[in-house]
Amino acid sequence: AQTVTQSQPEMSVQEAETVTLSCTYDTSESDYYLFWYKQPPSRQMILVIRQEAYKQQNATENRFSVNFQKAAKSFSLKISDSQLGDAAMYFCAYNTDKLIFGTGTRLQVFP
Amino acid sequence: GAGVSQTPSNKVTEKGKYVELRCDPISGHTALYWYRQSLGQGPEFLIYFQGTGAADDSGLPNDRFFAVRPEGSVSTLKIQRTERGDSAVYLCASSPQTGRGMNTEAFFGQGTRLTVV
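In what follows, the accompanying structure is described. Note that the coordinates shown come from a computational prediction; the quantities given were computed from them, not determined experimentally.

Side note on the layout of surface pockets
Then comes step 1: Roughly 470 Å³ of internal volume is contained in the largest pocket.
Then comes step 2: Along the walls of the largest pocket sit 23 residues, with Gln39(A), Met89(A), Arg106(A), Gln37(B) and Leu39(B) positioned nearest its centre.
Then comes step 3: Tallied by class, the residues present in the lining of the largest pocket amount to eleven nonpolar, nine polar and three charged.

Shown next as structure tokens:
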């Protein structure tokens, strides 16, 4: 069975600095998709970035980028130039025919 | 509406009562998912529909939980004989497609917070 592990329950970063959130997963599949979702206090999950496993190039969306290490089954999220609005829960998710989520990392951003 | 709508936003019910949670997906989305999120946890898969049929209900915790999507659009999650342990946020999501290698975004509603007292 596929599993997703986020080992950092909480992280903090100062505004304008860079922070990296960790995620590892376990699967026997060779082709799949990985996602990072953000969940603010409003509870609505918002897609931050996605990565296709067959692509070696790391995905980038503005200030958000990933470090995808397929052999190590690692999928970390880097947030550059952190902003106060980035404060939220962040969930890593693995796709089969449904999303499987990790337990999340709470990110705090200090001015 | 433009997004996934879930009603009610909050629901308080007494132990043993029956509740229904509603999800209005984005128009045209064939896939619909229900997740349960307990405090401090990630969303836990319950069931997903492809059209009107339940393609995978392996996440439903027991036979007190049931979900329907009779016309392939709106879905209702039904919980019988509620227990205090059912208290959680129930999230609904929809997607234009499903199946292995799903690469399209799943759009989530804001969830229903269920509290069983």
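Details of the nonpolar core
All names here are of chain A.
Then comes step 1: Tyr-25, Trp-36, Phe-75, Leu-77 and Tyr-90 are the most contacted members of the largest nonpolar core, which totals 25 residues.
Then comes step 2: Among the secondary structure elements, those contributing two or more residues to this core are β3 (19-21), β5 (33-39), β6 (46-52), β8 (64-69), β9 (74-79), β10 (88-95) and β12 (105-110).
Then comes step 3: Sorting elements by how many residues they give to this core places β10 first, with four residues.
Then comes step 4: With near-sequence residues (within four places) excluded, Leu-77 lies in contact with Val-19, Thr-20, Leu-21, Trp-36, Val-48, Ile-49, Phe-64, Ser-65, Val-66 and Tyr-90.

Observations regarding the interface of chain B and chain A
Then comes step 1: In this assembly, 29 residues from chain B lie in contact with 21 residues from chain A.
Then comes step 2: The interface formed by chain B and chain A includes one salt bridge.
Then comes step 3: The residue Lys98(A) makes a salt bridge to Asp56(B) at a minimum N-O spacing of 2.8 Å.
Then comes step 4: The tally of links between chain B and chain A comes to eight residue pairs in polar contact (both at pLDDT 80 or more).
Then comes step 5: Listing elements by their share of the side of chain B that touches chain A, those giving two or more residues are β4 (31-37), β5 (44-50), β9 (88-95) and β11 (112-116) of chain B.
Then comes step 6: Broken down by element, the residue count for the side of chain B that touches chain A peaks at three residues, all from β4(B).
Then comes step 7: Taken together, the residues that form the side of chain B that touches chain A break down as ten nonpolar, 15 polar and four charged.

Section: the state of the cysteines
Then comes step 1: Taken as a whole and judged by the stated rule, the model has two disulfides over all chains.
Then comes step 2: Here Cys23(A) is linked by a disulfide to Cys92(A), with a sulfur-sulfur distance of 2.0 Å. Disulfide Cys23(A)-Cys92(A): the torsion about the S-S bond is -70°, which places it as left-handed. With a gap of 69 residues between them, Cys23(A) in the loop between β3 and β4 (24-26) and Cys92(A) in strand β10 connect regions that are remote in the sequence.
Then comes step 3: A relative accessible area of 2% means that Cys23(A) is categorised as buried.
Then comes step 4: Assessed through its relative accessible area of 0%, Cys92(A) is described here as buried.
Then comes step 5: Between the sulfur of Cys23(B) and that of Cys92(B) lies a disulfide, 1.9 Å long from S to S. Its S-S torsion of approximately -65° makes the covalent link between Cys23(B) and Cys92(B) left-handed. Taken as a pair, Cys23(B) in strand β3 (residues 19-24) and Cys92(B) in strand β9 lie far apart in primary sequence, 69 residues in all. Both residues of the pair, Cys23(B) and Cys92(B), belong to the buried class.

Rules of the game
- Residues numbered from 1 in each chain as written.
- Chains lettered and ligands numbered in written order.
- Predicted model: local features only at pLDDT ≥ 70, side-chain atom pairs only at ≥ 80, totals over all residues.
- Heavy atoms only, no water.
- 1 Å grid on protein atoms, 1.4 Å probe; cavity = no way out; pocket = protein on both sides within 12 Å on 5 of 7 lines; lining within 4 Å.
- Points joined across faces, edges and corners; volume = space filled by probe spheres on them.
- Nonpolar A, V, L, I, M, F, W, Y, C, P; charged D, E, K, R; others polar.
- Core = buried A, V, L, I, M, F, W, Y, C linked by side-chain atoms within 4.5 Å.
- Buried < 20%, exposed > 50% of the residue type's maximum accessible area, 1.4 Å probe, protein only.
- Helix = DSSP H or I, 4+ residues; strand = E, 2+ residues; numbered from the N terminus.
- Contact = heavy atoms within 4.5 Å.
- Salt bridge = Lys/Arg side-chain N within 4 Å of Asp/Glu carboxyl O.
- Polar contact = N/O pair within 3.5 Å; in protein donor to acceptor, adjacent residues only side chain to side chain.
- Disulfide = S-S within 2.5 Å.

Everything listed here is a matter of coordinates, which is why it stays silent on function.
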